[in-house]
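Given next are the chains, with one letter for each unit.
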Amino acid sequence: MKGSSKRLLAGVASVFLLVLAGTAGILISDKNQKNISGGSGTYWSQEEGKILEIDREKGEITIQRTKDEKEILLDCSKESVMEDITLNSYNTGDQIRYYFWPYEASEDRIKVEELFKSSIEEIF
């Protein structure tokens, strides 16, 4: 009976560790993604880039996208977003993360829904 007790204890400990590892993995992946639940086409995409130019009057930012270094125009104007995006705190050279609906993006222009400065602290 001692052998079966040890196997049972080892089995319970293994299951506990698997559940703990799975939970940690989910929490880590959710930390860096912002999704809105729903069906196909309802998930926000996110990308990062470096601000090259800001036109505060038009609500537009020209960035160099991090993933391929392509220049993209981000449309942050009041007409295109759900909530106001204030560009006063952003400057040329800032690293940013932006969220958008994939169907609202063309090859060189993206209608942005949310915008945040990226920082080293966010990565860790």
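Fair warning: this is a prediction, and the values are worked out from it, not measured in the lab.

Brief notes about the pairing of strand E3 (residues 71-75)
Within a regular strand, side chains alternate between the sheet's two faces.
Alright, step 1. Of the pairings in the sheet, the one linking strand E2 (residues 60-65) to E3 comprises 5 bridges and is antiparallel in character. Bridge pairing links Glu60 to Asp75 in E3.
Alright, step 2. What sits between E2 and E3 in their antiparallel hairpin is a turn of 5 residues, with Glu69 showing a positive phi close to 60°.

Concerning the pairing of strand E1 (residues 45-55)
Alright, step 1. Pairing of E1 with strand E4 (residues 95-105) involves 6 bridges; the strand directions are antiparallel. If you follow Gln46 over to E4, its bridge partner there is Tyr99.
Alright, step 2. In terms of strand pairing, E1 meets E2 through 6 bridges, oriented antiparallel. The partner of Glu53 across the bridge, within E2, is Thr62.
Alright, step 3. Between E1 and the antiparallel strand that follows it, E2, lie 4 residues; Gly59 among them carries a positive phi value of about 75°.

Observations regarding the layout of surface pockets
Alright, step 1. Each pocket or cavity is described by its volume, and for the largest pocket that value is around 160 Å³.
Alright, step 2. Taken together, 12 residues line the largest pocket, and the ones lying closest to its centre are Arg56, Gly59, Cys76, Lys78 and Ile85.
Alright, step 3. Of the residues contributing to the lining of the largest pocket, the split by class is 3 nonpolar, 4 polar and 5 charged.

Structural notes on the packing of aromatic side chains
Alright, step 1. Under the defined criterion, the tally for this structure stands at 5 aromatic pairs.
Alright, step 2. Here Trp44 and Trp101 contribute two aromatic rings whose centre-to-centre distance is 5.7 Å and whose plane-to-plane angle is 80°, an arrangement assigned as edge-to-face. Separated by 57 residues along the polypeptide, Trp44 in the loop between helix H1 (2-31) and E1 and Trp101 in strand E4 bring together distant segments of the chain.
Alright, step 3. Residue classification places Trp44 among the buried residues on the basis of a relative accessible area of 6%.
Alright, step 4. For Trp101, a relative accessible area of 11% corresponds to the buried category.
Alright, step 5. An aromatic cluster is present here, built from Trp44, Tyr99, Trp101, Tyr103 and Phe116 joined pairwise through their rings.
Alright, step 6. Over the face of the ring belonging to Tyr90 we find Lys117, whose NZ or CZ atom lies 6.0 Å from the ring centre.

Comments concerning unusual backbone geometry
Alright, step 1. Despite not being glycine, Glu69 has its phi angle at roughly 60°, a positive value.
Alright, step 2. Relative to the assigned elements, Glu69 resides in the loop between E2 and E3.
Alright, step 3. For Glu69, a relative accessible area of 58% puts it in the exposed group.

Looking at the pattern of salt bridges
Alright, step 1. Using the criterion set out here, one finds 9 salt bridges in the structure.
Alright, step 2. With a shortest N-O distance of 3.6 Å, Lys117 and Asp94 are connected by a salt bridge. Highlighted residues: Lys117 in strand E5 (residues 109-117) and Asp94 in the loop between E3 and E4, separated in sequence by 23 residues.
Alright, step 3. Residue classification places Asp94 among the buried positions, given a relative accessible area of 17%.
Alright, step 4. Glu104 is paired through a salt bridge with Lys111; the nearest N and O atoms lie 3.7 Å apart.
Alright, step 5. Judged by its relative accessible area of 29%, Glu104 is partly exposed.
Alright, step 6. Linked by salt bridges that have partners in common, Glu47, Arg65, Lys67 and Asp68 make up one network.

Calculation notes
- Residues numbered from 1 in each chain as written.
- Predicted model: local features only at pLDDT ≥ 70, side-chain atom pairs only at ≥ 80, totals over all residues.
- Heavy atoms only, no water.
- Pairing = 2+ DSSP bridges.
- Helix = DSSP H or I, 4+ residues; strand = E, 2+ residues; numbered from the N terminus.
- 1 Å grid on protein atoms, 1.4 Å probe; cavity = no way out; pocket = protein on both sides within 12 Å on 5 of 7 lines; lining within 4 Å.
- Points joined across faces, edges and corners; volume = space filled by probe spheres on them.
- Nonpolar A, V, L, I, M, F, W, Y, C, P; charged D, E, K, R; others polar.
- Phe/Tyr/Trp six-rings, centres within 6.5 Å; stacked < 30°, edge-to-face > 60°.
- Buried < 20%, exposed > 50% of the residue type's maximum accessible area, 1.4 Å probe, protein only.
- Lys NZ or Arg CZ within 6 Å of the ring centre and 35° of its normal.
- Salt bridge = Lys/Arg side-chain N within 4 Å of Asp/Glu carboxyl O.

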